[in-house]
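# Remarks on the overall topology
Now for the letters of each chain:
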2 protein chains.
Amino acid sequence: MTGAAALLSDLAGIAGAANVLTGPGLEAYERDWRKRWHGRAMAVVRPGSVAEVASLVSRCARACREGLPVSLVPQGGNTGLVGGGVPDETGRQIVVSLARMRSVRRLDVDNLTITVEAGCVLQAVQAAADDAGLHFPLSLASEGSCTLGGNLASNAGGTQVLRYGNARELCLGLEVVTAAGEIWQRLDGLRKDNTGYDLRDLFVGSEGTLGLITAATLRLFPRPRARFTVWAACAGLPEAVALLRRLRAEFDAELVGFEAMNAASLGLVARHFPDVARPLPDARGTASAPWSLLIELASARDPAALHAHAEAVLSDVLATGGVQDVLAASSVAQARALWRVREAIPLAQAAEGLNIKHDVAVPVSALPGFVEMADARLDAMLPGVRHITFGHLGDGNLHYNLQAPEGVDAARYLADHEPGANAVVYDVAGGLGGTFSAEHGIGRLRRGELAQRRTGVELGMMRAVKRALDPLGLFNPGVMLPGGDGPGPAPP
Amino acid sequence: MTGAAALLSDLAGIAGAANVLTGPGLEAYERDWRKRWHGRAMAVVRPGSVAEVASLVSRCARACREGLPVSLVPQGGNTGLVGGGVPDETGRQIVVSLARMRSVRRLDVDNLTITVEAGCVLQAVQAAADDAGLHFPLSLASEGSCTLGGNLASNAGGTQVLRYGNARELCLGLEVVTAAGEIWQRLDGLRKDNTGYDLRDLFVGSEGTLGLITAATLRLFPRPRARFTVWAACAGLPEAVALLRRLRAEFDAELVGFEAMNAASLGLVARHFPDVARPLPDARGTASAPWSLLIELASARDPAALHAHAEAVLSDVLATGGVQDVLAASSVAQARALWRVREAIPLAQAAEGLNIKHDVAVPVSALPGFVEMADARLDAMLPGVRHITFGHLGDGNLHYNLQAPEGVDAARYLADHEPGANAVVYDVAGGLGGTFSAEHGIGRLRRGELAQRRTGVELGMMRAVKRALDPLGLFNPGVMLPGGDGPGPAPP
């Protein structure tokens, strides 16, 4: 038996033969959902417990030490946007699918925590919290298929970060299988624990390159009693930032979402999803304003009190010219219809054709300057380019996307202009203290930017941490860190 | 010139001769404020800029590589409780006092951030935020002298963690001098930035053992418009936990503090600070209830609306027997008087005599069981021991302290019983998923517990991280990690 055959046989002994998949037909694991990366796996293993994960990691580490250059790619719902969860083309990587580990281990109402396995789908966590009369606020477009393990490995963001933070801030503890195949477990749900280095936050956001997250304890919140969803039209981003400031002072933590969309992005929705684009019967052409805002308040207060307060503040903002128009949802159905407009933008972009995507963040105070400068430099470089700009203004995070001019071949346009456009966008963001990847991560897509746009001091510390926790390079080589972190003994 | 003399001469060249202190008279730097540890420093250096810090670290690293076993002890306000900021007795440690680096570099109102140097005193940061009409919520007893660098190095907690988190959650970015004497700076105040490993949270809480924090960007919040402070008496901890749950559902993020004190702790305040102990004219002997609670709400709402809501909820809780009595502060002065009772407990303990201190946390749901079990086991082991139990119930964090029986020599009692009492308390907490150090950290005091009560897997990862980022053992050896992390080449 060759080394690989012996390894696969042992893995079948660990996880059960039915859970070690090889040969053709593994497409669903080897390709990301946007079909941008397509690798070839040596096998897909679907362990059913943390003990099985530990055994399989331990066995693969041994194979690696014995000269078989195998490595592991953890995979959750496979909904990532940067290729961090699919194998490369070498056929030497084993996909570890956590899909079978999806139980809710514990929900503690008084401690406001839930402990779930990594393969638990985000929507199932939300539902479990809801069943207990509580609220798990992480919310993403892919919540019906993404898993908590992936959410934590990629430090997912979403539409309520303004109030509740990223996935990192929602995580109180982890269970992780280390590169030595050992289990590290801290799932007690403590709010305070100053006993050594913060290993938890090292694993969160590490994209499967330092350890394999198998379970997590997450914060829950009281379920809001009242919500208020409002659409507002304004003249520009400075007005939007001023409104954000006003609403924070008026509502503090009750302000849970503050999204912005430019007219061009709503124009695409109107073109491809006309039914969605006009969500409320009395919408008075707000989509033609330079910027539209989608604002959500959530509160423990009585709904009538929240609504009265919100309406008074917005009337005042309208009267003093802070916004051009406001349109409050008067039912849950109307609120959902407003959110559907926002959610339709990426779909409308896809329907319009290939486009250049950016996921930047800058300090909120620098957002207006960022858009002004980036727009101007791109307009000069690419006359007629369409700016499809939208995102989580409250977090300083914009999906600053570019669509080819009307009538221009999009594929050709991308091939010609994507690198140049990226450089402009990341230069402008970087010059304002911003980042080239706010919530999507690095994966395979942004390794070049990481190498180029972070200092040697920072990259050196990251490489040192990687070598310290994964000396064999067993976990997800080729993802995140630039340069020689493939399987095999680490460089000195 | 000897190696040490040459080193000190070079340090004088870097920071100025007036800022390199040697010889006698360094007591203030060599001893912690509780006078529990008293070391001897080779020198105290007071750098004035991050560039000076980088140069001095670099120079000391060279000395270390050349065989002079020097190491560095970063020191802020020297208010720590576990001996993490004072030198050992070897005379080979250099205290790096950040006291001269205390400027506020930037305050960004729209981004809700402030960037301060490490030596900035916590109260000065609070004041700078307040001057801008904003709020920096970290609040500790030592806020008049502790510094932000120390707060971050120890991941300080305090009385508003329930709403705003620990120091970790308030920090958006750091400037750090690495063990190689290089500067790593990420002070842009981004809410979202998924570009590599979370180095920030590795330095936060590392007690100066991985790098030297020289500046930080911190989150600010809108200044609350209304506060409501109330004292409540209840029969036991199960009632207190039920009240916490009710208040969270009613007030969500408006609940900023939830402190608990047992009758014995208030008895000590009454004995030693009788004026403080009866804060309100109409206090009806609430201090004799088994447990007293100090609850604080803070809100962006109109004060009248908050007060009416809070009074309605508390009336209902009182009517249904959830608490025995409530007493709301009707002015800022009264609110302060209520907080003074809580703050007087540690002072009253000190006045009463030496005592055995514990800073434990368990899941909130396990708090009643913890106190019941720990009390019972200690009463059996140490008849007559006095339980002075108080703390941040909302975070599951209790200062579970023990005072010798009345009339017993406290010093002798401690010498005889501290190790045994510690073992009981940490065993009971650990059995409930709790921790032996919730907010005070490890320092020199709790290294034994860390070695004993964390798994080999966890300690192994911590040691690997330490070796990766501080291979010479230059930063604060003897603090936090157990075993051979002194200066000199790292073990393989």
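Whatever comes next refers back to the structure up there.
Keep in mind that what you see is a predicted model, and the values were worked out from it rather than measured.

Cut-offs applied
Residues numbered from 1 in each chain as written. Chains lettered and ligands numbered in written order. Predicted model: local features only at pLDDT ≥ 70, side-chain atom pairs only at ≥ 80, totals over all residues. Heavy atoms only, no water. 1 Å grid on protein atoms, 1.4 Å probe; cavity = no way out; pocket = protein on both sides within 12 Å on 5 of 7 lines; lining within 4 Å. Points joined across faces, edges and corners; volume = space filled by probe spheres on them. Helix = DSSP H or I, 4+ residues; strand = E, 2+ residues; numbered from the N terminus. Nonpolar A, V, L, I, M, F, W, Y, C, P; charged D, E, K, R; others polar. Phe/Tyr/Trp six-rings, centres within 6.5 Å; stacked < 30°, edge-to-face > 60°. Buried < 20%, exposed > 50% of the residue type's maximum accessible area, 1.4 Å probe, protein only. Contact = heavy atoms within 4.5 Å. Buried area = accessible area lost by both parts, 1.4 Å probe. Salt bridge = Lys/Arg side-chain N within 4 Å of Asp/Glu carboxyl O.

Glancing now at empty space enclosed by the protein. Taken as a whole, this structure holds nine cavities of 30 Å³ or more when the rule is applied. Around the largest cavity, the lining comprises 39 residues; the ones closest to its centre are Arg 163, Tyr 164 and Phe 221 of chain A together with Arg 163 and Tyr 164 of chain B. Breaking the lining of the largest cavity down by element, the ones donating at least two residues are helix 6 (161-164), helix 7 (167-170) and strand 11 (221-222) of chain A together with helix 6 (161-164), helix 7 (167-170) and strand 11 (221-222) of chain B. Partitioned by chemical class, the residues of the lining of the largest cavity number 20 nonpolar, five polar and 14 charged.

A separate point is the packing of aromatic side chains. All names here are of chain A. Across all of its chains, the model carries eight aromatic pairs over all chains by this definition. Arranged with centres 5.7 Å apart and planes meeting at 40°, the rings of Trp 184 and Phe 203 form a pair that is tilted. Pair noted here: Trp 184 is in strand 9 (residues 183-185) and Phe 203 is in helix 8 (residues 199-203), with a separation of 19 residues, a long-range link. Each member of the pair Trp 184 and Phe 203 is classed as buried. An angle of 70° between the planes, with centres 5.2 Å apart, marks the rings of Phe 370 and Tyr 400 as edge-to-face. With Phe 370 in helix 14 (residues 367-381) and Tyr 400 in strand 19 (residues 397-403), this residue pair connects regions lying 30 residues apart in the sequence.

What follows is about the interface of chain B and chain A. Taken together, the contact pairs 81 residues of chain B with 81 residues of chain A. Each partner contributes to the roughly 6900 Å² buried at the junction of chain B and chain A, and carbon and sulfur atoms together form 57% of this total. Among the residues chain B hides against chain A, the three largest losses belong to Lys 192, Asn 194 and Tyr 197 of chain B. Together they make up 15% of the total. In this assembly, chain B and chain A are joined by 16 salt bridges. With a closest N to O distance of 2.6 Å, Arg 186 of chain B and Glu 458 of chain A form a salt bridge. At the level of secondary structure, the elements contributing two or more residues to the side of chain B that touches chain A comprise helix 6, helix 7, strand 9 (183-185), helix 8 (199-203), helix 9 (237-251) and helix 17 (456-469) of chain B. With nine residues, the top contributor of residues to the side of chain B that touches chain A is helix 17 of chain B. Grouping the amino acids of the side of chain B that touches chain A by side-chain chemistry returns 34 nonpolar, 21 polar and 26 charged.

What follows is about unusual backbone geometry. Residue Leu 112 of chain A is not a glycine yet carries a positive backbone phi of 55°. With respect to the helices and strands, the residue Leu 112 of chain A is situated in the loop between strand 5 (104-108) and strand 6 (113-117). On the basis of relative accessible area, Leu 112 of chain A is assigned to the buried category, the value being 7%. At Lys 35 of chain B, a residue that is not glycine, the phi angle is positive and equals roughly 60°. Position of Lys 35 of chain B relative to the elements: it lies in the loop between helix 2 (27-30) and strand 2 (41-45). Judged by its relative accessible area of 57%, Lys 35 of chain B falls in the exposed class.

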